[in-house]
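In case you want the letters, here they are:
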Amino acid sequence: MAMELIPIGTILAVVTNQVIKTAQAAKDVVIEKDSFKVLSKHLFDIEPVLKELQLRQLDDSQAARLALESLEADVKKANNLVEKYKNRGRFYLLVKCRHIVNEVQEVTRDIGRSLAALSIANTEVLSGISDQVNRLQSEMQRVEFETSHSQLQIVDRLNQGLRDQKRDQGFANDMLEEIARAVGVPVEPSEISKELASFRREVEEAGNRKERAEVLFLEQVIELLSQADAARDYEEMKKQYFQRAQVIERYDAMKEYIPPLKPFICRISGTVMVDPVSLCTGTTCERAAIEAWFDHRKKTDPETGDVLEDTSLRSNLPLRQSIEEWRELNYCLKIRACEAKLSSRVDSSVEEALNQMQDLIRENSINKDWISIGGLTDSIISILGSSHNREVKKRILITLKDMVEGHARNKEKVIGHQGLDHIVPCLGRDRSTSMAAVELLFELLQDRSNWNVSVCLQLSQQCSGILFLVTLLKGPVKESADYAEKILNKLFDVDEENISRAARSGWYKPLIDRIVQGPESSRVSMMKSLVILELVDSNLKLLGEEGIIPPLLSMVASGNIESKELSLSVLVKLSDCRANKELIAANGGVPLVLKLMSSSHVRTILIVRCCEIVEKLSSEGDGVKFFVDEKGFQLELKPIIIDLLALQQNACSSNNFRRPALRALLGICKSEAGLVKTAVSTASSVSLVLPLLDDHDSEVREIAINLLFLFSQHEPQGVVEYLLKPKRLEALVGFLENDKNSDVQMAAAGLLANLPKSEVSLTTKLIELDGLSAIINLLKSGTVEAKEHALSALFRFTDPTDVKSQQIVVEQGAYPLLVNFLRVGSVTAKARAAALIGNLSMSSPKLTVASKKTGCWCFRTSCVPLCPAHGGICSVNASFCLLEAKALPYLVELLSGKVEATAYEAIQTLSTLFKEGCLQKGANVLHEAEAIKPVLEILTWGTDSLKEEALGLLEKVFVSKEMVENYGSEARYILVGLTGRNVYDDGRPGRKVAKVLSLLERYSKSSTSIIPGLF
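Okay, so let's go over this structure.

The rules behind each value
- Residues numbered from 1 in each chain as written.
- Predicted model: local features only at pLDDT ≥ 70, side-chain atom pairs only at ≥ 80, totals over all residues.
- Heavy atoms only, no water.
- Helix = DSSP H or I, 4+ residues; strand = E, 2+ residues; numbered from the N terminus.
- Rg over C-alpha atoms; globule rule 2.2 N^0.38 Å.
- Buried < 20%, exposed > 50% of the residue type's maximum accessible area, 1.4 Å probe, protein only.
- Contact = heavy atoms within 4.5 Å.
- Areas by Shrake-Rupley, 256 points an atom, 1.4 Å probe, with all protein chains shown as cover.
- Lys, Arg positive; Asp, Glu negative; His and termini not counted.
- Charge placed at Lys NZ, Arg CZ, Asp CG, Glu CD.
- Salt bridge = Lys/Arg side-chain N within 4 Å of Asp/Glu carboxyl O.
- Patch = residues over 30% accessible without salt bridge, like charges linked within 9 Å, V, L, I, M, F, W, Y side chains within 5 Å.
- Axes fitted to C-alpha atoms, helices over the stretch in contact; angles between N-to-C directions.
- Parallel < 35°, antiparallel > 145°, perpendicular 65-115°, else oblique.
- Core = buried A, V, L, I, M, F, W, Y, C linked by side-chain atoms within 4.5 Å.
- Pairing = 2+ DSSP bridges.
- Phe/Tyr/Trp six-rings, centres within 6.5 Å; stacked < 30°, edge-to-face > 60°.
- Lys NZ or Arg CZ within 6 Å of the ring centre and 35° of its normal.
- Left-handed = near helix turned anticlockwise from the far one by under 90°.
- Arc of directions from axis to C-beta.
- Polar contact = N/O pair within 3.5 Å; in protein donor to acceptor, adjacent residues only side chain to side chain.

A few words on the overall build of the protein. Helices and strands together make up the secondary structure of the protein, namely 56 helices and 5 strands. The globule rule puts the C-alpha radius of gyration for 1015 residues at 31 Å, and the 54 Å found for the protein is more than 25% above it. Looking at the protein residue by residue over its 1015 residues, the buried ones come to 50%. For the protein, restricting intrachain contacts to residue pairs at least 6 apart in sequence, the fraction spanning at least 24 positions comes to 70%. Element-wise, carbon and sulfur atoms account for 50% of the exposed surface of the protein, whose accessible area totals about 47200 Å². Across the protein, the 124 positively charged side chains and the 136 negatively charged ones have centroids separated by 5 Å.

Our focus in this paragraph is the pattern of salt bridges. Within this structure, the stated rule accounts for 40 salt bridges. Put simply, Asp-174 and Arg-157 hold a salt bridge, and the shortest N to O gap is 3.7 Å. A residue pair is termed long-range when its members are at least 10 positions apart, and Asp-174 in helix H9 (residues 169-183) and Arg-157 in helix H8 (residues 149-163) qualify at 17 residues. You can call Arg-157 partly exposed: its relative accessible area is 30%. Its salt-bridge partner being Asp-697, residue Arg-659 comes within 2.3 Å of it at the nearest N-O pair.

Another point: a negative patch on the surface. Together, Glu-928, Glu-930, Glu-962 and Glu-965 line one region of the surface with negative charge. Considering the arrangement of structural elements, one finds Glu-928 in helix H52 (residues 919-928). On the basis of relative accessible area, Glu-928 is assigned to the exposed category, the value being 66%.

The next point concerns the packing of helix H12 (residues 234-247) against helix H14 (residues 317-344). Put simply, H12 and H14 touch, their axes get as near as 9 Å, and they point 75 degrees apart. Taken together, the axes of H12 and H14 are roughly perpendicular relative to one another. Residue-level inspection shows Gln-240, Tyr-241, Arg-244, Ala-245 and Val-247 of H12 in contact with H14, the latter providing Glu-325, Glu-328, Leu-329, Cys-332 and Ile-335.

Counting residues in hydrophobic clusters, the biggest one holds 253 residues, and the most contacted among them are Leu-469, Leu-571, Phe-627, Leu-926 and Phe-958. For this core, the element with the highest residue contribution is H14, accounting for 10 residues. For Phe-958, the contacting residues outside a window of four places in its chain are Met-963, Val-964, Tyr-967, Ala-971, Val-996, Leu-999, Leu-1000, Arg-1002 and Tyr-1003. Ala-64, Phe-91, Val-185 and Val-221 belong to the second-largest nonpolar core, a separate cluster that totals 65 residues.

Across the sheet, which stays open at both edges, the 3 strands sit in the order E2-E1-E3 with antiparallel pairing between neighbours. Each edge of the open sheet carries a strand with a single partner, namely strand E2 (284-286) and strand E3 (314-315). Two elements, strand E1 (residues 276-278) and E2, share 3 bridges in a ladder whose sense is antiparallel. Looking at E2, one finds that Pro-276 is bridged to Glu-286.

Now for the packing of aromatic side chains. We describe a pair of aromatic rings using the distance from one ring centre to the other and the angle between the two ring planes. This structure, assessed with the given rule, holds 8 aromatic pairs. For the pair Tyr-241 and Phe-242, a centre-to-centre distance of 5.3 Å together with 70 degrees between the ring planes defines the contact as edge-to-face. The exposure class assigned to Phe-242 is partly exposed, which follows from its relative accessible area of 46%. Here the aromatic rings of Tyr-257 and Trp-326 are separated by 6.3 Å at their centres, their planes lie at 75 degrees, and the arrangement is edge-to-face. Here Trp-326 lies in helix H14 and Tyr-257 lies in the loop between H12 and E1, a separation of 69 residues in the sequence. Here the aromatic residues Tyr-241, Phe-242, Tyr-331 and Trp-370 are joined through ring pairs into a cluster of three or more. One residue, Lys-486, lies across the ring of Tyr-483, its end atom 5.9 Å from the ring centre.

Another aspect to go through is the packing of helix H20 (residues 419-426) against helix H21 (residues 431-444). For the pair H20 and H21, the least separation of the axes is 8 Å and the interaxial angle reads 140 degrees. In this view, H20 runs oblique relative to H21, as classed from their interaxial angle. Between H20 and H21 lies a crossing of left-handed hand. Where H20 approaches H21, its residues Leu-420, Ile-423 and Cys-426 are matched on the opposing element by Thr-433, Ser-434, Ala-437, Leu-440, Leu-441 and Leu-444.

Before going further, it helps to examine helix H17 (residues 376-386). Of the residues making up H17, those classed as buried are Leu-376, Thr-377, Ile-380, Ile-381, Ile-383 and Leu-384. Each buried residue of H17 sits inside an arc of 160 degrees when the element is viewed along its axis, so together they form one side. Contact partners of the buried residues in H17: H14, helix H15 (347-363), helix H16 (366-373), helix H18 (390-404), helix H19 (408-416) and H20.

Looking now at helix H25 (residues 497-504). Here H25 has its buried residues at Asn-498, Ile-499, Ser-500, Ala-502 and Ala-503. Those residues of H25 that are buried lie in contact with helix H22 (453-460), helix H23 (465-473), helix H24 (478-494), helix H26 (509-517) and helix H27 (520-532). Taken from the residues just after H25, Gly-506 is the one with a positive phi, measuring 105 degrees.

Here we come to a nonpolar patch on the surface. Judged by side-chain polarity, Val-849, Val-864, Leu-866 and Ile-873 come together as a nonpolar surface patch covering roughly 300 Å² of accessible area. Checked against the element boundaries, Leu-866 lands in the loop between helix H48 (844-847) and helix H49 (876-879). For Leu-866, a relative accessible area of 43% translates into the label partly exposed.

Its location among the elements puts Glu-565 in helix H30 (residues 561-574). A polar contact of 3.3 Å, which involves the side chain of Glu-565, links it to the side chain of Arg-609. Other than its neighbours up to four places away in sequence, Glu-565 contacts Ile-605, Leu-606 and Arg-609.

Following the sequence through the fold, Leu-329 ends up in helix H14. Of the residues examined, Leu-329 reaches a relative accessible area of 10% and is grouped as buried. Once the C-alpha coordinates of Leu-329 and Glu-256 are considered, the two residues, 73 residues apart in sequence, prove to be 9.8 Å apart.

Structurally, Ile-548 is set in the loop between helix H28 (537-545) and helix H29 (549-558). On the accessibility criterion, Ile-548 (0% relative accessible area) is buried. In the structure, Ile-548 is positioned 36 residues away from Ile-512 in sequence and 6.0 Å away in space, judged by C-alpha atoms. The residues touching Ile-548, leaving out its near neighbours within four places in the chain, are Ile-512, Ile-515, Val-516, Leu-530, Leu-543 and Leu-574.

What is expected of a backbone is that most residues other than glycine have negative phi and most peptide bonds are trans. Of note in the backbone geometry, Arg-345 takes a positive phi value of approximately 60 degrees without being a glycine. Along the chain, the position of Arg-345 falls in the loop between H14 and H15. Using a relative accessible area of 43% as the deciding quantity, one classes Arg-345 as partly exposed. Even without glycine at this site, Glu-930 takes up a positive phi of about 55 degrees.

Given below as structure tokens:
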């Protein structure tokens, strides 16, 4: 009724002033500035509308008064809202931001509705600004405010953490820092303390308003944020610790616990209170316990049972402080006890101390600081480095993790006391210890919600750190592997050199990823690292499988000079693995490399690298297998050979690419005899390679001798002419004597074997230069292949027409070596040794000393045995007799071996035992050696040429009637079998069969031929 007596103009003026005042105040609210600014703007926009009404004399109608009263009430509500939040604590305002926004939105809409009602009541008065008024009231009624996304994220994360009951210090640190930054509060203990004090006042006020849900929520927030480092003044904590430590000095050193006083015990729960509150009767209980008591409709005093007229609760701060002091004294007692146990260094005592430390940390997060202040951190780090007890180490690592989790100061302390030096070696221990170590290491590397780059760099300097992390990454424990991978990936971000270190430890994927996908600078850096890495074949194969080859080839094709050179260098290394050679070929790399190698306008280093790749492609017996295009079609080989030979023609060519080019040429020529012929007929290859025997580079000389060995099979004459020049042959002998390189010895011996035997001057010169001695030494100690070539080379010295040369061979001890080859040599060596013995045996008849007859046998001076084959006095050195050399049994074995090559040479050598005009002796020798049956058996399994040789030998054997009598029946059976298989025909083998049969028939007791029509 009072409002009806007040003139409407006065009311309008009051409302106008209130709008202006509220609009001005709304601009200064700290939290949710945007929402309050919009409210302020709308209020300022209302001011002209109200002044227009004042100027035009507002109608004093009931509707106008009601609308104006409603507007006044809504503006007062807005003003109260501004006043409510203008001076509140900023932490509190952020936590309540969503609720505040809703309040501001609702009051803005209410004002909009009141403005609309006022406009309707004064339509004529406001006709001039009706559009403006309508727009304004419409906007205000539809307004929608939103809390900033960043603030909502903070609040949501806080609420989720409270629901999940997250109480760890790391989470507290993160939340406090985010909230402080969001509201512009420095993260300093003094400033944080002010904000938390303001927050606590909000809790008390909510308690006074009996808003229990609000109190519970705000207390949870305070409890969480109070655990953060910045919520505590470190100097105050140190001061408080030393005050408590001074108090416990009067307690016995063995005492670890002070019992609680009776007033500390809750009357309801029977446990020591945390938040004691007093009733109106003076009884004190735990807040949560008494609230639960009341919730069960018990309105009585828990101690006396009296009915309570007043159920309000009052915090008992003095008692709470006393309880906290009692707890802190007990903390200090336990810390003192732990210090004594750790100092003993007895494993059981150390483990007990570690368990107590973990209990302290779980009980109150302040103990993280007090344990450190009390010096226990330093002690357990020291024990970690010195203890050999696996369980102790593991427990220390776990305790350290609990201490540093979310605690920046403790992290700094552990790092500062060389903690990494003791933690990193634990990564390489048993599963449980390494798991604890990697978890601790991961926590130490965290800085709030990010990574501590400084500590990451320190870890990078630990020589074994990355090796152990890679080992864990590849290990069977998934959790350890996950932590290791996260740490390693961060180390890679901090310093790319760590990628190379990881590769050296066996983890190549990050390095490959950088080469495949990284920027140019990273690619270059990674390729430099890869070039110097020592890699085994399995690692090289893995690199290829991971896809490194295509990007390397791409850089070869289109990169700059440095990229080309590095990518080629990496390809050289990768080409040591056959699987990678296949990948290079499949990706079209071979034509690319060959084209670059033959280019005339590229840097020498690129040609060198190309030559090295070509060399690797043809190595290990692969020859031309990988000289294909991306579709797998064989490349034309002649141009490749020409290009490789052309590199030898350039007088300016350095051995850096001459060597790989020669090796590549050698690999290609070794793979296929036809390619040797192509090389010989192309670009005067022999004349190009021969001068390289005089090169100052020993490796070039060695490759050259290998190539000449191959070339000499097709063009021996040019080689002979060159070797007969001064000092050339000495070099060849030097190759034969090079026992450090078996390939060179083999090639030199093979080269000599390929040269014409008719070059007597070459043979003579070799003897003079001890070349023969070198060949014989090679027979003693060379490789299997070198020995085979040495045996071939020996043929030029055992020519039956040059007995003098044969004599030198025998005198230098070759004969026993040849006999030994018959016994244990390779098939090729046995065949060649048999042939060489045959050459020597051909000279035996003329070198045998005939025995001198005396008048009477009884007056002979001595009974010197005569050779059963040669009929005189024989010896190895004088007559080269194979019987004296004990070669006959081994030659017979070769007949029975059913090997074409060895049996053929054995027959030819055995044939030398038959002296013209005295075949009986040779037959008798073979009979005694049981050689005739194996010869007959050859007719059942040998090839035609071998059978022909066997038949030739049998012609000489069956001249003897005695031999026919001994072997005739068996021989006839086999020979008849040969005729049945059409061997007996008008050809040479057939004639030999007929001849042997005729010899058999000649001594047959029956004149009837077993083959009708034969005679």
